[in-house]
Amino acid sequence: MQTDLSKYSIGDYRAGPKFKVLTWYLVNYFIFFSSIPFPSKFKVMLLRFFGAKVGVGVIIKPLVRIKNPWRLIVGNHCWIGEEVWIDNIEQVVIGNHVCLSQGAILLTGNHDYTKSNFPPKYDQVKIEDGVWICAKAIVCPGVVCKSHSILTVNSVATKDMEEMKIYSGNPAIFVRNREING
Amino acid sequence: MQTDLSKYSIGDYRAGPKFKVLTWYLVNYFIFFSSIPFPSKFKVMLLRFFGAKVGVGVIIKPLVRIKNPWRLIVGNHCWIGEEVWIDNIEQVVIGNHVCLSQGAILLTGNHDYTKSNFPPKYDQVKIEDGVWICAKAIVCPGVVCKSHSILTVNSVATKDMEEMKIYSGNPAIFVRNREING
Amino acid sequence: MQTDLSKYSIGDYRAGPKFKVLTWYLVNYFIFFSSIPFPSKFKVMLLRFFGAKVGVGVIIKPLVRIKNPWRLIVGNHCWIGEEVWIDNIEQVVIGNHVCLSQGAILLTGNHDYTKSNFPPKYDQVKIEDGVWICAKAIVCPGVVCKSHSILTVNSVATKDMEEMKIYSGNPAIFVRNREING
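Chains are numbered independently. Their residues run from 1 in the order of the written sequence. Written order decides the labels, with chains lettered from A and ligands numbered from 1. Confidence filtering applies because this is a predicted model: local features only for residues at pLDDT of at least 70, side-chain atom pairs given and counted only at 80 or more, and all residues used for totals across whole chains, interfaces and linings.

S.K.: Even after reading the chapter, I still don't get the interface of chain A and chain C, so can you show me in this structure?
M.R.: By convention, interface size is frequently given as the accessible area that disappears when the constituent parts associate. Once C-beta atoms have been placed from the backbone, residue pairs whose C-beta atoms lie within 7 Å are recorded as contacts. At the junction of the two partners, chain A supplies 24 residues and chain C supplies 19 residues. Its residues assigned to classes, the side of chain A that touches chain C comprises seven nonpolar, 13 polar and four charged. Each residue gets one label: Ala, Val, Leu, Ile, Met, Phe, Trp, Tyr, Cys and Pro are nonpolar, Asp, Glu, Lys and Arg are charged, and the others, such as Gly, are polar.

Set out below in structure tokens:
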């Protein structure tokens, strides 16, 4: 059998009410994705207004993209680096003291490539406390990055990352333990 | 011997007539590469006007870059995702029902690094029917992605990909077969 | 112990005088990072004005980001490709006849993830004569890319690259020698 994208359908999925989706589109691309360094507090306020739960002390750099703030939970004292892309078609939950470095991507959308009509598959991403997603690293749909794990530069997490462990490569594999001793 | 970029020359290569190249530059960067979600039909019309052959049902997301539309052939029901970069200095041929996910890159330009003057080398890219180039994956010059092959997230195809096979990593290697059964 | 980003401090580090940093921010994002193809000579002049040492025959494509020009040295006849990101919190030294292809990234900032307050660590990057950093490749903090070495597409250099050797993958490993014979 062959792929037939003309038969593709998103089924029952709806990002949200049309007006909300459209308004957020504009805010996302003309404020968050802008080069202008709007204050983090202003951006956090906007995220909350659109339904995100965001803690205190969160820093959001320029050129960030967030798909659906109403599917986003961010804890306290997190950093969202320049050019980070949170492609949260599905829920993304970020704990406390998380660092998403520049260009990091969180993916929640996938396709069932075993079906001719290539149906979408969505899956949550969970980033627990103290995790560091390094520059240009990518977390795939369904992955849980457990407490204080690290994904190195440009690596791709396709499976859960265990607590206090460091992962590297594409697909990322365990390379060593993390220790915090001071 | 050493590299001497002051002796670099593109030789006989010409992208196209100067006026056409300049006009397309503006269309590319201010319409295709824009955050504004211009309708796909409008963008397809522009591509055709500049010499691309594009089929029906093609969807083109925002922030796309296409180097030379007059060196582009796209079949029916293809998707060109957000931030896709078709760097087609040379010909790029895309079949039917192809999905290029967000941030995918098709490269056609290279350099002969065994020569002191670092001369350019161009080579076509061919993406056959039903192929899926996943998010942030890169297809290198000269590569043929055969029917229904898949290149996983952030992977780099440096060699041809065989029919119905899935490739992953940098450089991408065969990881498993694809089956389509419904 | 756990990460506590609320205790983070950049210590004594200062990018530069506030007015200079702010002015460069604007120049960087609205001229260098722009889609408009400002002439390379104009951009080189701006870099020098802000304290960079830049040689002759340097080509700078659109959509480039440079963090601190006063921490940048570039030799003669270098190419800085489209969307290159020189994130030089610390010094970056680029030799002569160097090619940074599209989307290449030079990183100088890191964090000490063994400390609870996640302190910043900065380290220089040195790119010697004739080096080619291919498209989307990333050079990590502290790395020296020795004379005429090559980092392939989307690869990540985490260690020094030896003269006339080619490195590939994430992390990049030696794959073959480079020869220049004409």
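S.K.: Where do I start with unusual backbone geometry in this structure?
M.R.: Between Asn170 of chain A and the following residue, Pro171 of chain A, the backbone shows a cis peptide bond with an omega angle of -5°. Only DSSP runs of H or I with at least four residues qualify as helices, and only runs of E with at least two residues qualify as strands; both kinds are numbered from the N terminus onward. Mapped onto the elements of the fold, Pro171 of chain A is located in the loop between β18 (165-168) and β19 (173-177). A positive phi angle is found at Phe118 of chain B, which is not glycine, with a value near 55°. Secondary-structure assignment places Phe118 of chain B in the loop between β10 (109-111) and β11 (120-122).

S.K.: Sorry, what's going on with the nonpolar core here?
M.R.: Nonpolar side chains in soluble globular proteins tend to be buried together. Linking buried Ala, Val, Leu, Ile, Met, Phe, Trp, Tyr and Cys residues through C-beta atoms within 7 Å yields a set, and such a set is a nonpolar core. The burial label depends on the number of other C-beta atoms within 10 Å of a residue's C-beta. Counts of 20 or more mean buried, 12 or fewer mean exposed, and intermediate counts mean partly exposed, with C-beta atoms placed from the backbone. Ranked by size, the top nonpolar core spans 159 residues in total, and within it Val139 and Leu151 of chain A, Val139 and Leu151 of chain B together with Val139 and Leu151 of chain C carry the most contacts. When sequence neighbours within four positions are dropped, the list of residues in contact with Leu151 of chain B reads Ile133, Cys134, Ala137, Val139, Cys145, Ala157, Met161, Tyr167 and Ala172 of chain B.

S.K.: Looking at this structure, how should I read the relation of the copies chain B and chain A?
M.R.: Each of the two chain copies can be generated from the other by rotation about an axis followed by a shift along it. Structural alignment of chain B on chain A gives an RMSD of 0.0 Å, achieved by rotating through 120° and translating 0.0 Å along the axis. The relationship between the two copies is best expressed as a three-fold rotation axis. Residue Asn170 of chain B, judged by its C-alpha, is the member of chain B lying nearest the rotation axis, at 4.1 Å. When the interface residues of chain B are mapped onto chain A, a mere 4% of them are again interface residues, pointing to distinct binding faces. Least squares is the method for superposing the copies, and the C-alpha atoms it fits come from residues with pLDDT of at least 70 in both.

S.K.: In this structure, what is going on with the sheet that holds strand β4 (residues 72-74) of chain B? I would like to understand it.
M.R.: Within a beta sheet, neighbouring strands are joined by backbone hydrogen bonds and run either parallel or antiparallel to one another. Residue and element names in this part refer to chain B. Across the sheet, five strands lie side by side as β1-β4-β7-β12-β15; this open sheet has parallel pairing. One side of each edge strand has no neighbouring strand; the edge strands of this open sheet are β1 (53-54) and β15 (144-145). When DSSP finds two or more bridges between two strands, those strands count as paired. Pairing analysis gives three bridges linking β4 to strand β7 (residues 92-94), with the strands arranged parallel. By the bridge assignment, Ile73 is partnered in β7 with Val93.

S.K.: Explanation requested: the pairing of β18 of chain A in the structure shown.
M.R.: Where a strand is regular, its side chains alternate between the two sheet faces. Residue and element names in this part refer to chain A. Both strand β16 (residues 150-151) and β18 contribute to a ladder of two bridges, which runs parallel. Within the sheet, the bridge partner assigned to Leu151 lies in β18 and is Tyr167. Of the strand pairs in this sheet, β18 and β19 are connected by four bridges, and their pairing is antiparallel. Bridging across to β19, Tyr167 finds its partner in Phe174.

S.K.: I would appreciate a short explanation of the sheet that holds strand β6 (residues 85-87) of chain C in the present structure.
M.R.: Residue and element names in this part refer to chain C. An order of β3-β6-β9-β14-β17 is seen for the five strands of this open sheet, with the pairing classed as parallel. Of all the strands in the sheet, just β3 (65-66) and β17 (156-157) have a single pairing partner and so form its edges. In this structure, strand β9 (residues 105-107) lies alongside strand β14 (residues 138-139), joined through two bridges in parallel fashion. Looking at β14, one finds that Ile105 is bridged to Ile138.

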